[in-house]
Protein chains: 2
Amino acid sequence: MPSSEWSLHPQLENDTSAVGDLPLCRVLAMNVADYPWLILVPRRPAITEIADLEPADAARLMEEIALASRALKDITRCDKLNIAAIGNVVPQLHVHIVARWKSDPLWPKPVWGASAQRKGNPAASAYFLGEIRDRFGLPLIPSR
Amino acid sequence: MPSSEWSLHPQLENDTSAVGDLPLCRVLAMNVADYPWLILVPRRPAITEIADLEPADAARLMEEIALASRALKDITRCDKLNIAAIGNVVPQLHVHIVARWKSDPLWPKPVWGASAQRKGNPAASAYFLGEIRDRFGLPLIPSR
């Protein structure tokens, strides 16, 4: 199926800012204050599980997870990355990559399933978006 | 580094039963009652992040995640798989693959970070181990 049939799930669109597109995935940044947090969404329609991806897409997803992991680690100098594909609420396949510090509010618990996160302030969010776009060399996405 | 330098982290050994070895990963089953739950541990020493793996190992990890996902889904007929590499407590890189149902005790919250899980009873655990080993075609691990 062509990726032109794909569209971003409205809840992901609502909760994030768009960073840009890698060859497979739309890269999003969660609008939260305490955790630099990327989300990779393969631009393939009707996929809910990693195991549903074609093998070439699964391989590419792993490459993009590694790329985004290195970018996030380089920028944040975090202690640990937390990576997950959960999808119990939003079924469209999406992979969280979250920078964690031993000093952060939830450490060592995961961020998923915690009560509502504090929103990031617009200036800090814009700074993070700029940094991560520079690291990827990604342009803005033209049509949102 | 040869995989002979690798050894399983004691906490993972304590919390799980060994299913067997895939080409890259040791496959473990968590001893909990409510969630069929596999853990893949790449047999590579001193790796804490997916992005630390050599590219060929990262590609193989994705193949083994897809293989384990399909095996777990086929056996359990679950509603969703939850997959994560967290490592805030046990630093040795390990990937959780958990079968979830909309009717399970924690749905839609993730299982990680929840309070202590009920232990599986030995007969049910042995049955699950047998099923998952059959599906993978894996032998017992000789030396634990």
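Position numbers for residues count from 1 along each chain, tracking the sequence in the order it is written. Working convention: letters from A go to chains and numbers from 1 go to ligands, in the order in which they are written. For this predicted model, a pLDDT threshold of at least 70 governs which residues receive local features, and a threshold of 80 or more governs which side-chain atom pairs are given and counted, while totals over whole chains, interfaces and linings are taken from all residues. Hydrogens and waters are ignored; side-chain quantities use all the structure's heavy atoms.

Draft legend 1. The interface of chain A and chain B, seen in detail. Contacts between the two partners involve 31 residues from chain A, matched on the other side by 30 residues from chain B. Once two parts are brought into contact, the accessible area they lose, counted with a 1.4 Å probe and summed over both, makes up the buried area. Here chain A and chain B share an interface that buries about 2,600 Å² over both sides, 59% of which is from carbon and sulfur atoms. It is Glu49, Met62 and Asn88 of chain A in chain A that bury the most area against chain B; as a group they hold 26% of the surface buried on that side. Lys80 of chain A serves as the salt-bridge partner of Glu49 of chain B, at 3.0 Å between the closest nitrogen and oxygen. In the analysis that follows, any N or O atom pair within 3.5 Å is treated as a polar contact, provided that within protein one partner can donate a hydrogen and the other can accept it, and provided that, for residues neighboring in sequence, both atoms belong to side chains. The tally of links from chain A across to chain B stands at 20 residue pairs in polar contact (both at pLDDT 80 or more). Of all the secondary-structure elements, those providing two or more residues to the side of chain A that touches chain B are helix 2 (55–76) and strand 4 (80–85) of chain A. Contact criterion: two residues are considered in contact whenever any of their non-hydrogen atoms come within 4.5 Å of each other. Basic side-chain nitrogens of Lys or Arg form a salt bridge, by our definition, when they fall within 4 Å of a carboxyl oxygen of Asp or Glu. Each helix corresponds to a stretch of at least 4 residues labelled H or I by DSSP, and each strand to a stretch of at least 2 residues labelled E; elements are numbered beginning at the N terminus.

Draft legend 2. Seen up close, the relation of the copies chain A and chain B. Its rotation angle being 180°, the transformation that places chain A on chain B also includes 0.0 Å of axial translation and leaves an RMSD of 0.0 Å. The two molecules are tied by a two-fold rotation axis, judged by turn and shift. Considering only C-alpha atoms, the residue of chain A closest to the rotation axis is Ala84 of chain A, which sits at 2.0 Å. A high fraction, 97%, of the interface residues of chain A reappear at the interface in chain B, so the copies pair face to face through one surface. Alignment of copies: least-squares fit on C-alpha atoms of residues with pLDDT of at least 70 in both copies.

Draft legend 3. Fine view of the pattern of salt bridges. As enumerated under the stated definition, the model contains 20 salt bridges over all chains in all. In this structure, Lys73 of chain B and Glu49 of chain A form a salt bridge, with 3.7 Å as the shortest nitrogen-oxygen distance. Here the residue Lys73 of chain B occupies a position in helix 2 (residues 55–76), and Glu49 of chain A occupies one in the loop between strand 3 (37–42) and helix 2, the pair thus bridging two chains. Relative accessible area serves as the criterion here: at 28%, Lys73 of chain B is assigned to the partly exposed category. For Asp74 of chain A, the salt bridge is made with Arg135 of chain A, and the minimal N-O distance between the two is 3.3 Å. Three exposure classes are used, based on accessible area relative to the maximum for each residue type with a 1.4 Å probe and protein chains only: buried under 20%, partly exposed in between, and exposed over 50%.

Draft legend 4. Looking closely at the side chain of Asn88 of chain A. One can find Asn88 of chain A in the loop between strand 4 and strand 5 (95–100). Polar side-chain contacts of Asn88 of chain A include one of 3.1 Å to the backbone oxygen of Pro108 of chain B. When residues no more than four places from it in sequence are discounted, the contact partners of Asn88 of chain A are Lys80, Asn82, Arg100, Trp107, Pro108 and Lys109 of chain B.

Draft legend 5. Focus on the sheet that holds strand 1 (residues 16–21) of chain B. Overall, antiparallel pairing links the 10 strands, which are arranged 1(A)-2(A)-3(A)-5(A)-4(A)-4(B)-5(B)-3(B)-2(B)-1(B) in an open sheet. The sheet is open, and its two edges are formed by strand 1 (16–21) of chain A together with strand 1 of chain B, each paired on a single side. Pairwise comparison of adjacent strand axes, ignoring direction, gives a mean angle of 20° for this sheet. Should DSSP find at least two bridges between two strands, the strands are taken to pair. The pairing of strand 2 (residues 25–30) of chain A with strand 3 of chain A spans five bridges and is antiparallel. Bridge pairing links Ala29 of chain A to Leu38 of chain A in strand 3 of chain A. Fitted lines through C-alpha atoms serve as axes, helices being fitted only where they are in contact, and the angles separating the N-to-C directions of these axes extend from 0 to 180 degrees.

Draft legend 6. Representation of the nonpolar core. Nine residue types can take part in a nonpolar core, namely buried Ala, Val, Leu, Ile, Met, Phe, Trp, Tyr and Cys, and a core is a set of them joined through side-chain atoms within 4.5 Å. Ranked by internal contacts, the top residues of the largest apolar core, which has 63 residues, are Leu38 and Phe136 of chain A together with Leu38 and Phe136 of chain B. By residue number, the principal contributor to this core is helix 2 of chain A, which donates eight residues. Those residues in contact with Phe136 of chain B that lie beyond four places of it in its chain are Val19, Leu22, Val27, Leu38, Leu67, Ala68 and Ala71 of chain B.

Draft legend 7. Up close: the pairing of strand 3 of chain A. All names here are of chain A. Among the six residues that make up strand 3, six are buried, leaving the element largely enclosed by the rest of the structure. Of the two faces of strand 3, the one lined by Trp37, Ile39 and Val41 and the one lined by Leu38, Leu40 and Pro42 are each fully buried. Between strand 2 and strand 3, which pair antiparallel in sequence order, lie six residues. Looking at chain direction, strand 3 and strand 5 are connected through four bridges and run antiparallel. Counterpart to Leu40 in the pairing with strand 5 is Val95.

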